[in-house]
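# Structure at a glance
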Amino acid sequence: MKMSKPVFDRLGFSLWIGAFLVVLAMVLRSPHTRTVWQAYIDGSEALLAGLPLYDTQSEMGYLYAPAFAALYTPIVKLGPHLGGVVWHTLGFAVLTYAAMRQVRKLGGGELTWLLSFGLFLALPMALGAIRNGQATILLTGACWLLTLSALEGRRAETFFWASLAIIAKPTAIIMLLLVGALRLRLIPALVLAVLFVLALPYAFAPAGYLNDQYRVFAQMLTSMAVDNTSHFVASDFTAPFTAVGLPIPEFGATIVRMVMALFTLSAVIWFDRKLERGPAGLAIFLTATFYMCVFNPRVEPNTYAMIAVPAGLAIALLWREERGGVLASVLSTALFAAGLSGVDRHVHDLLFPWFRPITVTLIAGSLIWWFWAKAREKVVNAGIANG
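Notes on the structure in this doc start here. Quick caveat, the model's predicted, so the values are computed rather than measured. (Residues numbered from 1 in each chain as written. Predicted model: local features only at pLDDT ≥ 70, side-chain atom pairs only at ≥ 80, totals over all residues. Heavy atoms only, no water.)

### A word on the overall build of the protein chain
Across its full length, the protein chain holds 18 helices and zero strands. For 387 residues, the compact-globule formula gives about 21 Å, and the C-alpha radius of gyration of the protein chain, at 21 Å, lands near that figure. Oriented by its inertia axes, the alpha-carbon framework of the protein chain measures out at about 65 × 45 × 45 Å. Here the protein chain holds 387 residues, and 51% of them are scored as buried. Sequence separation of 24 or more characterises 78% of the internal contacts of the protein chain that already satisfy a separation of 6 or more. Counting every atom, the protein chain has about 17200 Å² of accessible surface; 68% of that belongs to carbon and sulfur. (Helix = DSSP H or I, 4+ residues; strand = E, 2+ residues; numbered from the N terminus. Rg over C-alpha atoms; globule rule 2.2 N^0.38 Å. Buried < 20%, exposed > 50% of the residue type's maximum accessible area, 1.4 Å probe, protein only. Contact = heavy atoms within 4.5 Å. Areas by Shrake-Rupley, 256 points an atom, 1.4 Å probe, with all protein chains shown as cover.)

Right under this line is the structure:
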């Protein structure tokens, strides 16, 4: 720890910013290479032209809510170069701000090191989604800020970040449900955010057209959740079993997801009540992103960018609190190496799609256990003090 601290006080954050500047240079040079922009552009142009947003015969293309097309319309108007820079900067800035705000909430010493080392560990796993301009980056930052704002009881901020998260991806509803369970008084703000997102596209297109699009969107979400016949290869918890020729039946997978949803709810309630406020926010968000990555049936490798930064900060916190140790060293190496698995095409093909769900489960499971142990230790110490 003492040896690494001077190095990572600035190195990790510098690499984080430097990698993003390289991404922007690549965007300016070739804006449509290795990005998902075309799907976003197609959705925005279809919304303005009154054309169908969704192709129910394909598992690819535009897969977002109509509100996302409305949000992306001004970016389309800026053109591929300037629009690409704005879009990439938006997601990256929101995620970085969320990480910085979380670190301030952790308190204690070595906050600069915590942020820098955490971002260094997260960079390999997050960089692919950042380079591709995926909405996952914006989703992660918005959900994280939603969590922190809700825990502080800030209604206006909760409404804003909840709205942005839902616009980014519909899977944000998982975070809204968890936040609503933790802060019942914020349920009206969360409901209002959902209604706002549903109503937003009506400012851009006729009501009849949008009603049809919402109907198709609902059908598409349902079919994606239960259809195993598409060419999409899920990287969720079922992937390791499929890779060895033992696919889990859909009914069994649904049962597992429901059980893990109850575990996730129980864990975040425990952390909210037993952990100190700063670490509680990180533990809650880490647990939520673990569920959203490993137990989401539409997970792909770059979806794991969601858990990269919170896991990196949690490992950095583990380093600080435990002064290093075997667990911190192993988790640091595992998170960094898991991100590098997609660098080489041959390695990616060898490890796809089973490696990341297994690795992330081991990393997140260890960190959740450590947070639980810290909370348990606090409860025991409080009992001794009261006794």
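Structure's up, so let's keep going.
### A closer look at the packing of aromatic side chains
Summed over all chains, the structure comprises 28 aromatic pairs. Through a chain of ring-to-ring contacts, three or more aromatic side chains come together here, namely Tyr40, Tyr54, Tyr62, Tyr64, Phe68, Tyr72, Trp87 and Phe217. (Phe/Tyr/Trp six-rings, centres within 6.5 Å; stacked < 30°, edge-to-face > 60°.)

### Examining the side chain of asparagine 296
Structurally, asparagine 296 is set in the loop between helix 14 (277-294) and helix 15 (305-322). Accessibility expressed as a relative area gives 14% for asparagine 296, which makes it buried. Those residues in contact with asparagine 296, other than ones at most four positions away along the chain, are Thr171, Asp236 and Tyr291.

### Digging into the environment of valine 244
Considering the arrangement of structural elements, one finds valine 244 in the loop between helix 12 (239-243) and helix 13 (250-274). In the structure, valine 244 is positioned 110 residues away from tryptophan 354 in sequence and 9.4 Å away in space, judged by C-alpha atoms.

### What to know about helix 6 (residues 111-132)
For helix 6, which comprises 22 residues, the first-to-last C-alpha distance of 30 Å matches the rise-based estimate of 32 Å (1.5 Å per residue) to within 8%. Where helix 6 bends most, at leucine 123, the angle is about 60 degrees, and the proline proline 124 comes one to four residues later. Most of helix 6 sits out of view: 18 of its 22 residues are buried. (Expected span 1.5 Å × (residues − 1). Bend = angle between axes of the 7 residues up to and from the residue.)

### Notes on the state of the cysteines
Disulfides are covalent bonds that link the sulfur atoms of two cysteine residues. According to the stated counting rule, one finds zero disulfides in the structure shown. A disulfide-free cysteine, cysteine 143 has its sulfur positioned 11 Å from the sulfur of cysteine 293, the nearest such atom. Accessibility expressed as a relative area gives 0% for cysteine 293, which makes it buried. (Disulfide = S-S within 2.5 Å.)

### A look at the packing of helix 15 against helix 16 (residues 326-340)
Pairs of packed helices are described in terms of their axes, by the angle between the two and the distance that separates them. Relative orientation of the contacting elements helix 15 and helix 16 amounts to 160 degrees, with a least axis distance of 9 Å. As far as their axial angle goes, helix 16 and helix 15 are roughly antiparallel. Note on packing geometry: the crossing formed by helix 15 with helix 16 is left-handed. Counting all contacts with helix 15, which are made through Ala308, Ala311, Gly312, Ile315, Leu318 and Trp319, the residues of helix 16 involved are Leu327, Ala328, Ser329, Leu331, Ser332 and Leu335. Tallied by class, the residues present in the contact of helix 15 with helix 16 amount to nine nonpolar, three polar and no charged. (Axes fitted to C-alpha atoms, helices over the stretch in contact; angles between N-to-C directions. Parallel < 35°, antiparallel > 145°, perpendicular 65-115°, else oblique. Left-handed = near helix turned anticlockwise from the far one by under 90°. Nonpolar A, V, L, I, M, F, W, Y, C, P; charged D, E, K, R; others polar.)

### Some thoughts on helix 2 (residues 11-29)
An ideal rise of 1.5 Å per residue puts 27 Å on 19 residues; helix 2 measures up with 27 Å between its terminal C-alpha atoms. Those residues of helix 2 that sit buried are Gly12, Trp16, Ala19, Phe20, Val23, Leu24 and Val27. Projected down its long axis, helix 2 shows its buried positions confined to an angular sector of 145 degrees, all on one face. Among the exposed residues of helix 2, those pointing more than 90 degrees away from its buried face are Leu21 and Arg29. (Arc of directions from axis to C-beta.)

### With respect to a nonpolar patch on the surface
A cluster of nonpolar residues, Leu184, Ile187, Val191, Leu195 and Leu198, forms a patch on the protein surface that exposes about 450 Å² of accessible area. If you trace the backbone, leucine 184 turns up in the loop between helix 9 (173-182) and helix 10 (187-199). (Patch = residues over 30% accessible without salt bridge, like charges linked within 9 Å, V, L, I, M, F, W, Y side chains within 5 Å. Salt bridge = Lys/Arg side-chain N within 4 Å of Asp/Glu carboxyl O.)

### Quick look at unusual backbone geometry
Trans peptide bonds make up the majority, and among non-glycine residues the majority have a negative phi. The amide bond that connects phenylalanine 352 to the next residue, proline 353, takes the cis arrangement and shows omega of 0 degrees. The residue proline 353 is located in the loop between helix 17 (345-351) and helix 18 (355-386) in this model. Phi is positive for glutamate 110, which is not a glycine, with a value near 60 degrees. Within the element layout of this structure, glutamate 110 appears in the loop between helix 5 (80-106) and helix 6.

### Re the pattern of salt bridges
It is possible for side chains of opposite charge to pair when their charged atoms get near one another. As enumerated under the stated definition, the model contains eleven salt bridges in all. Arginine 323 is the salt-bridge partner of glutamate 110, the closest N and O atoms lying 3.7 Å from each other. A residue pair is termed long-range when its members are at least 10 positions apart, and glutamate 110 in the loop between helix 5 and helix 6 and arginine 323 in the loop between helix 15 and helix 16 qualify at 213 residues. For glutamate 110, a relative accessible area of 24% gives the class partly exposed.

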